[in-house]
Amino acid sequence: MTEHTKTDGLPADASIDRGLPDAGLPTQDTPAAGKVVCNACPVLCQISSGRTGACDRYANADGVLVRVDPVVMLRRVLAETPGAVVPFLARSPAAQQALVADPLARQDEVFVTGIGSSTTYPDYKPAPFIVASQLGGVDMVTVVTEGIFSYCSLKVKIDTDRWLGPEQAAVRCRGEAVGHVTTAEYGSQMLSLGGVHHLTGGSKKEGRVTCDMMEALANQQPMELTIDGGAQLRIQSARAPWVNGVEEHRMRVGCGSATVGIFAQQFLGQADEVVVVDDHITGVLTQHQAGKCLDMRPSGIRIRGRRSTPGRYFQVALPGTGWGGTDLDDPLAIVEGWDPARAWPGLRLLMVSTTGEQAAWYELDEALVPQPAALPAGVAAIVERIGENCEPSTTSVLFLGGAGGSLRAGVTDNPVRLTRAIKNALVNVTCGGAPAYVWPGGGITVMVDVARMPPRSFGTVPTPALVAPIEFSMRLADYAALGGHLDAVRSLADTLAHGAWHADGAPRSRRMLDAPDGQRWPIGSSPWLG
Ligand code: SF4
C-alpha cells in the first residue's frame with residue numbers, strides 16, 4: 001500500500017463529475033488486467049495491485065479489494081456498580097489485562113462503530129456489520145455501516161458577538177463559495193456550510209473544495225474561511241474561534257438587556273446609570289424595568305438607535321468587532337445627550353460591554369458632559385463578575401446528513417419500516433458511537449456533534465460526497481419486525497474473526513478506543529430499556 005496518489009485508482013479519463021462509469025470504460029465485469037474494481041461508490045475505481053483507489057479508503061492487496069482503515073470499536077467506560085462509571089485505566093490491572101486479552105469477553109462493553117466498516121453501496125447487500133449482543137438478558141442488534149452522504153452539511157455555531165458578516169453572505173474557502181451566514185443566535189453567530197448545492201450544483205472545483213472543507217472541519221481540523229463583506233475566520237471544532245486574526249475568549253453573559261437585569265441589584269447604589277452596549281439590544285438600567293422595580297432615579301440619558309421598549313435599544317451603532325459586537329471604540333458615541341431636567345452634575349455612569357471585556361466609568365461635570373474617571377473598586381468587581389459569568393467562547397461543528405435513502409436497504413428489505421421504527425424510538429441512532437439527534441418529519445435526517453465522535457471519523461469520495469459512520473441499535477425482536485436481514489446477524493466475535501466485508505473473508509483490523517467520558521453508551525440507552 002505504498003506509492004499511491006489521490007487518483008491512482010481512477011479509470012482513465014473517467015469523469016468524476018458525472019460520478020458514473022462512462023460508456024466504453026471497463027466495467028466491473030471487465031477490469032483491466034491485474035486490477036480490481038471497487039464498487040463501494042459510483043466512481044468504480046480500477047485499482048492496481050498494491051495501490052489504493054481515488055479516496056484512499058480501498059486498496060488492491062494482492063488481487064483482493066480491501067478496506068484500508070481499521071474498524072473503530074469503542075470500549076465502554078465500565079459501570080461496575082449502578083450509577084458509577086470506572087474508566088478503563090482505573091480498573092484493576094487484572095481487569096485491564098483480561099479486557100485487552102479478550103475485548104469481546106463482554107459484548108455489552110464493546111461497540112462496533114461505522115468508522116472503517118465499509119459501505120453498503122450499491123445498496124443491494126446487507127450492512128457490513130450486523131452485530132448481535134445481549135444486554136440485561138435482552139437480545140440486541142446493531143447495524144453498522146458507512147454512509148455516503150451527498151445530502152449533508154455542517155452547522156457551525158461560533159460563540160462570539162463580533163460581526164462576522166451579513167446574514168445570507170457567502171462563506172468562502174480558497175475563493176470558492178462553500179456556504180453562507182445564517183441566523184445569529186443568543187451569543188453566537190451561525191454558519192451553514194456545505195450542502196448538496198455546493199457539492200454538486202456548482203463547478204467541479206466548488207464541489208471539491210466544499211467536500212475537502214467539510215471533511216477537515218468534521219474531522220476536527222482547523223479551517224480558514226472568509227465571509228463576503230465580513231470577517232476572516234479560523235475555526236475548529238471545540239476550539240476558540242479566531243476572528244480577523246484575534247482569538248475570541250468569552251461568550252457574552254447575555255444581551256445588553258439581560259445583562260442589565262441580571263446585575264441590576266448589584267449595581268444599585270454603586271452607579272447612577274449603567275449602559276450595557278450590545279449590537280442587538282443595548283440595555284439602559286434606569287429606564288429598564290429592572291431599574292424601575294428597584295426605584296432607581298431616572299438619569300435623563302438619551303441613547304441613539306431605535307427604542308424598542310423602556311431601557312432596550314436596537315441599532316445603536318453599526319455591527320463590528322468593537323464593544324458588544326458593534327463597531328464602537330468609544331462607547332460615548334451612542335450617548336445622544338442628557339435631559340437637563342433629570343440629569344445632575346456628579347452623576348456616575350458605567351458603560352460596559354456584554355462580556356465585561358470593555359468597561360468605562362464617567363462622572364457628569366457641571367455642563368452635564370461625561371468625564372472619564374477611574375473605575376471604583378465596587379463597580380470593577382461587578383464588571384469582573386460579568387466576565388466570570390461568560391462561558392468560554394468555542395466553535396461547535398454539527399454534521400447534518402440525510403440517512404433516509406438507499407443505505408436503509410442495508411438494514412432492512414423494507415426501508416420505510418426503519419424510518420418508522422426510528423420515529424417510534426425503537427431504534428437508537430449513533431454516528432461513530434456519538435448520540436445523533438433525528439429531526440422530526442419525514443426521512444432520517446440526523447445531526448451529530450463531531451466533537452463527540454472519534455478523530456478522523458469522516459472520509460470523502462470524489463463524486464463528491466462525505467463518508468460518515470452510522471449505527472442503528474435496537475432489540476433483535478424489533479429488528480425482525482422491521483424486516484431486518486436476520487441471515488446476516490452475527491456475533492461480534494464471529495464478525496471480527498471472519499470479516500464482514502472482505503471478499504475473501506479475511507479478518508478485519510480494528511482499533512479500540514475508550515468511549516468518551518460521560519457519553520451515553522449507544523446500546524441500551526433508549527426508552528425501551530429504561
Ligand atoms: S473512490 Fe469510490 S470506487 Fe474509488 S476506491 Fe473510493 S469508494 Fe472505491
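Residues numbered from 1 in each chain as written. Predicted model: local features only at pLDDT ≥ 70, side-chain atom pairs only at ≥ 80, totals over all residues. Heavy atoms only, no water.

In terms of regular secondary structure, the protein chain is built from 9 helices and 34 strands. Looking at the protein chain as a whole, 52% of its 530 residues qualify as buried. Considering only residue pairs separated by 6 or more positions, the protein chain has 66% of its internal contacts joining residues 24 or more positions apart. (Helix = DSSP H or I, 4+ residues; strand = E, 2+ residues; numbered from the N terminus. Buried < 20%, exposed > 50% of the residue type's maximum accessible area, 1.4 Å probe, protein only. Contact = heavy atoms within 4.5 Å.)

Cys38, Ala40, Cys41, Leu44, Cys45, Gly53, Ala54, Cys55, Arg57, Tyr58 and Pro462 make up every residue found near the ligand. Taken together, the residues that form the shell around the ligand break down as 9 nonpolar, 1 polar and 1 charged. (Near = heavy atom within 4 Å. Nonpolar A, V, L, I, M, F, W, Y, C, P; charged D, E, K, R; others polar.)

For the rest of this paragraph, the subject is the confidence of the model for the protein chain. Considering every residue of the protein chain, the mean pLDDT works out to 87; 85% of them sit at 70 or more. Across residues 1–28 the pLDDT falls below 50, and counting only partners more than four positions away or on other chains, this stretch makes 54 contacts in the model. Across residues 80–86, confidence stays below pLDDT 50; counting only partners more than four residues off in sequence or on other chains, it has 10 contacts. (pLDDT = per-residue confidence, 0-100.)

Here we come to unusual backbone geometry. Omega for the peptide link from Tyr121 to Pro122 comes to 5°, which places this bond in the cis form. Between Thr463 and the following residue, Pro464, the backbone shows a cis peptide bond with an omega angle of -5°. Along the chain, Pro464 falls in the loop between strand S31 (459–461) and strand S32 (465–475). Positive phi, normally seen in glycine, also occurs at Ala425, with a value near 60°. Structurally, Ala425 is set in the loop between helix H7 (415–423) and strand S27 (428–431). Located in the positive-phi region is Arg456, a residue other than glycine, with phi close to 55°. Here Arg456 is to be found in the loop between strand S30 (445–449) and S31. Take Arg456: its relative accessible area is 56%, and that puts it in the exposed class.

The subject of this paragraph is the sheet that holds strand S5 (residues 71–75). Spatial ordering of the open sheet is given by S6-S5-S34, a layout of 3 strands whose pairing is mixed. Taken across any chain shown, the strands that pair with only one partner, and hence form the sheet edges, are strand S6 (110–112) and strand S34 (510–514). For this sheet, the mean inter-axis angle between neighbouring strands, taken without regard to orientation, is 30°. Alignment of S5 against S34, held across 5 bridges, turns out to be parallel. Bridge pairing in S34 places Leu74 opposite Leu513. (Pairing = 2+ DSSP bridges. Axes fitted to C-alpha atoms, helices over the stretch in contact; angles between N-to-C directions.)

With that settled, consider the sheet that holds strand S10 (residues 170–173). What the 11 strands build is an open sheet, ordered S16-S15-S14-S13-S10-S11-S12-S9-S26-S30-S29; its pairing is antiparallel. The outermost strands of the open sheet, each flanked by one partner alone, are strand S16 (246–247) and strand S29 (437–438). Across 4 bridges, strand S13 (residues 223–227) lies against strand S14 (residues 232–235) in antiparallel orientation. Across the sheet, residue Met223 finds its bridge partner in S14, namely Ile235. Those strands touched by helix H3 (residues 204–218) are strand S9 (152–158), S10, strand S11 (176–181), strand S12 (189–194), S13, S14 and strand S26 (395–402), and its axis lies near 55° from that of S11.

Here the focus is the side chain of Ser192. Considering the arrangement of structural elements, one finds Ser192 in strand S12. Its relative accessible area of 10% is what places Ser192 among the buried residues. At 2.6 Å, the side chain of Ser192 forms a polar contact with the side chain of Lys155. Setting aside chain neighbours within four positions, we find Ser192 in contact with Leu154, Lys155, Gly179, His180 and Thr182. (Polar contact = N/O pair within 3.5 Å; in protein donor to acceptor, adjacent residues only side chain to side chain.)

Before going further, it helps to examine the pattern of salt bridges. Throughout the structure, instances matching the rule amount to 17 salt bridges. The residue Asp159 makes a salt bridge to Lys157 at a minimum N-O spacing of 2.8 Å. You can call Asp159 buried: its relative accessible area is 3%. Notably, a salt bridge pairs Asp339 with Arg342, separated by 3.7 Å at the nearest N-O pair. Take Arg342: its relative accessible area is 43%, and that puts it in the partly exposed class. Members of the salt-bridge network, linked through shared partners, are Arg57, Arg67, Asp69 and Glu146. (Salt bridge = Lys/Arg side-chain N within 4 Å of Asp/Glu carboxyl O.)

Examined against the element boundaries, Gln287 turns out to sit in the loop between strand S18 (282–284) and helix H5 (289–293). A polar contact is formed between the side chain of Gln287 and the side chain of Tyr313, at a distance of 2.6 Å. Once residues within four sequence positions are removed from consideration, Gln287 is found in contact with Lys292, Ile301, Pro310, Gly311 and Tyr313.

Attention now goes to the nonpolar core. Judged by nonpolar contacts, the single largest core of 58 residues is most densely connected at Leu191, Leu225, Phe399 and Phe472. In terms of residues, this core owes the most to one element, H3, which gives 7 residues. Leave out the neighbours within four places in its chain, and Leu191 touches Leu154, Lys155, Val156, Ile158, Val171, His180, Val181, Thr182, Leu225, Ile227 and Leu233. The next biggest cluster of nonpolar side chains, apart from the first, holds 21 residues, and it includes Val335, Ala343, Trp344 and Leu347. (Core = buried A, V, L, I, M, F, W, Y, C linked by side-chain atoms within 4.5 Å.)

Between its terminal C-alpha atoms helix H4 (residues 256–267) stretches only 14 Å, short of the 16 Å expected from 12 residues at 1.5 Å a residue. Those residues of H4 lying buried are Gly256, Ser257, Thr259, Val260, Phe263, Ala264 and Phe267. Taken down its axis, H4 places every buried residue within 155° of arc, on the same side. On its buried face, H4 sits against strand S17 (273–277), S18, H5, strand S21 (312–314), strand S23 (348–353) and helix H6 (377–388). (Expected span 1.5 Å × (residues − 1). Arc of directions from axis to C-beta.)

This part takes up the environment of Val427. Of note, Val427 is situated in the loop between H7 and S27. Residue class for Val427 comes out buried when judged on its relative accessible area of 6%. Put simply, Val427 and Thr142 are 285 residues apart on the chain and 9.3 Å apart in space, counted from C-alpha to C-alpha.

With that out of the way, let us pick up the pairing of strand S8 (residues 138–149). The element S8 is extensively covered by neighbouring structure, given that 9 of its 12 residues are classed as buried. The pairing of strand S7 (residues 129–135) with S8 spans 7 bridges and is antiparallel. Residue pairing across strands places Ile130 opposite Val143, the latter belonging to S8. Once S7 ends, the chain turns through 2 residues before running back antiparallel as S8, passing Gly136 with a positive phi of about 55°. As judged from the 10 bridges shared by S8 and S32, these two strands associate in the antiparallel manner. Considered in S32, the bridge of Val143 is made with Phe472.

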